[in-house]
Amino acid sequence: MTLASYLNSQFSLLQNADFCFRLLLAAFCGATIGMERSKRFKEAGVRTHMVVCFAAAMMMIISKYAFADLTMPDGGNFPGTRGADSARIAAQVVSGISFLCAGVIFKNSGTVKGLTTAAGIWLTAGIGLAIGAGMFVVGVCGTAMIMVIQYILHRFTVGGDAYSGNHIQFTVQNGYDFNQALEDQLKEWKAQVTESKVTRRKDGTTDYDLILRRREALTYSELKAFMVTREDVLSFSNSALQTQFY
């Protein structure tokens, strides 16, 4: 038996092409939703939404078609399969892998990390189910498609994913005078504040804790240039957020 005839034994090439088109369409729809979320600087952006939608479409295809080889052409069951629930293990994989995914998600310095990795683990489970069910074309095509998508979006970020983040902190003597100066400087930097915390102490000093987003990461020299013009600043710190909102 040739490879082509073997691949056609369960599903035709046209059906496999239809499955791959569904996966690609799901990825596109997920990316569209993720684009809107990333523009609002939400933790789950384009890649995360795309991978989740892609994985859900793959598992739906598996759920509908992966057990077609357990039924004979006349509609009857193969000997030994009558009354058996072939989808039981597959269903447990879908829910059980979620606990593993939850273990790689954590929050640090105002950002949620590991969302895309968790979605990728969930998708990997779906690819494993497809291969195990004999849907080799779906599994291989799904792997190739998502690798290309991940590679492209990692090198060429879009929407809010293209913005870098900074976590900056100030301690100032007079917060009232500093507020306006900081607002003007943020406009000059073309930075958007996504999270902020202002604490006034009993000794009259004020602490500013801000997370900023802009096209390029805020450099130490830029921040220092602003600080030297402010005599009321007692201390400051700046740290880049390495993980973007994917």
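All figures in this text were calculated on a predicted structure; none of them were measured in a lab. (Residues numbered from 1 in each chain as written. Predicted model: local features only at pLDDT ≥ 70, side-chain atom pairs only at ≥ 80, totals over all residues. Heavy atoms only, no water.)

### Here we look at the overall build of the protein chain
So the rule is basically this: Working definition: helices are DSSP H or I runs of at least four residues, strands are E runs of at least two. Numbering for both runs from the N terminus. Here's how the labels work: a residue is buried when its accessible area is under 20% of the maximum for its type, exposed when over 50%, partly exposed in between, all with a 1.4 Å probe on protein chains only. It only takes one pair of heavy atoms within 4.5 Å for two residues to be counted as in contact. Exposure was quantified through the Shrake-Rupley algorithm and a 1.4 Å probe, taking into account, for residues, occlusion by the shown protein chains and nothing else.
A count of helices and strands for the protein chain gives eight helices and six strands. Put simply, the protein chain runs from its N terminus to its C terminus through helices and strands in the order α-α-α-α-β-β-α-α-β-α-β-β-α-β. Expressed as a percentage of the 246 residues in the protein chain, the buried residues total 37%. For the protein chain, the share of sequence-separated contacts (at least 6 apart) that also reach a separation of at least 24 residues comes to 71%. Accessible surface, the protein chain: about 14,100 Å² in total, of which carbon and sulfur atoms supply 60%.

### Quick notes on the nonpolar core
We apply this condition: In this description, a nonpolar core means a group of buried Ala, Val, Leu, Ile, Met, Phe, Trp, Tyr and Cys residues linked to one another through side-chain atoms lying within 4.5 Å.
With 35 residues, the main nonpolar core has Leu23, Phe54, Met58, Leu123 and Met135 as its most contacted residues. Taken together, the elements giving at least two residues each to this core come down to helix H2 (13-39), helix H3 (46-65), helix H4 (88-102), helix H5 (115-132) and helix H6 (136-155). In terms of residues, this core owes the most to one element, H3, which gives 10 residues. Those residues in contact with Met135 that lie beyond four places of it in its chain are Phe11, Phe19, Ile61, Ile62, Tyr65, Ala66 and Ala130. Counting 16 residues, the second-largest nonpolar core is a separate cluster that includes Tyr208, Leu212, Phe226 and Met227.

### Observations regarding the packing of aromatic side chains
Ring pairs (aromatic) are described by centroid distance and by the angle formed between their planes. Quick reminder of the rule: By convention, a stacked pair of Phe, Tyr or Trp rings (six-membered ring in the case of Trp) has centres within 6.5 Å and planes under 30 degrees apart, an edge-to-face pair has planes over 60 apart, and any other such pair is tilted.
Counted according to the given criterion, the structure contains two aromatic pairs. Judged by centre distance (5.0 Å) and plane angle (40 degrees), the rings of Phe19 and Tyr65 are tilted. Remark: Tyr65 occurs in helix H3 and Phe19 occurs in helix H2; sequence separation between them is 46 residues. When its relative accessible area of 23% is taken as the criterion, Tyr65 is described as partly exposed. Each ring, one from Trp189 and one from Phe226, has its centre 5.9 Å from the other, and the planes form 75 degrees; the classification is edge-to-face. Taken together, the positions of Trp189 in helix H7 (residues 175-189) and Phe226 in helix H8 (residues 220-227) put the pair 37 residues apart, joining distant regions of the chain. Residue class for Trp189 comes out buried when judged on its relative accessible area of 7%.

### Things to note about the pattern of salt bridges
Under the convention used in this document: By definition, a salt bridge exists where a carboxyl oxygen of Asp or Glu is found within 4 Å of a side-chain nitrogen of Lys or Arg.
Applying the stated criterion across every chain yields a total of two salt bridges. One salt bridge connects Asp18 with Arg22, and the closest N-O pair in it is separated by 2.8 Å. Pair noted here: Asp18 and Arg22 are both in helix H2, with a separation of four residues, about one helical turn. Residue classification places Arg22 among the partly exposed residues on the basis of a relative accessible area of 31%. For Asp207, the salt bridge goes to Arg201, with nearest N and O atoms at 2.5 Å.

### As for H8
Short version of the rule: The directions considered for the arc are those from the helix axis to the C-beta atoms.
For H8, the full list of buried residues reads Leu223, Phe226 and Met227. When H8 is viewed along its axis, its buried side chains cluster within an angular range of 100 degrees and face the same direction.

### Here's the deal with H6
Formally: For a helix, the expected span equals 1.5 Å multiplied by the number of residues minus one.
A rise of 1.5 Å per residue sets the reference length of H6, with its 20 residues, at 28 Å; its end C-alpha atoms lie 29 Å apart and thus fit the reference within 8%. For H6, the full list of buried residues reads Val137, Val138, Gly139, Gly142, Met145, Ile146, Ile149 and Leu153.

### Observations concerning the packing of H5 against H6
Two quantities define a packed helix pair, namely the angle between the axes and the distance from one axis to the other. Let me state the cut-off plainly: All axes are obtained by fitting lines to C-alpha atoms, using only the stretch in contact for helices, and the reported angles, taken between N-to-C directions, cover 0 to 180 degrees. Roughly parallel covers angles under 35 degrees, roughly antiparallel covers those over 145, roughly perpendicular covers 65 to 115, and oblique covers all other angles. Crossing handedness: left-handed means the near helix sits turned counterclockwise from the far one by under a right angle, and right-handed means the same turn made clockwise. Lys, Arg, Asp and Glu make up the charged group, whereas Ala, Val, Leu, Ile, Met, Phe, Trp, Tyr, Cys and Pro make up the nonpolar group; the residues left over, Gly among them, are polar.
Relative orientation of the contacting elements H5 and H6 amounts to 160 degrees, with a least axis distance of 7 Å. The angle between the axes of H5 and H6 places the two elements in the roughly antiparallel class. As for how H5 packs across H6, the hand of that crossing is left-handed. Listed contacts from H6 to Thr116, Leu123, Ile127, Ala130 and Ile131 of H5 are Phe136, Val138, Gly139, Val140, Thr143, Ile146 and Gln150. For the contact of H5 with H6, a count of residues per class yields eight nonpolar, four polar and no charged.

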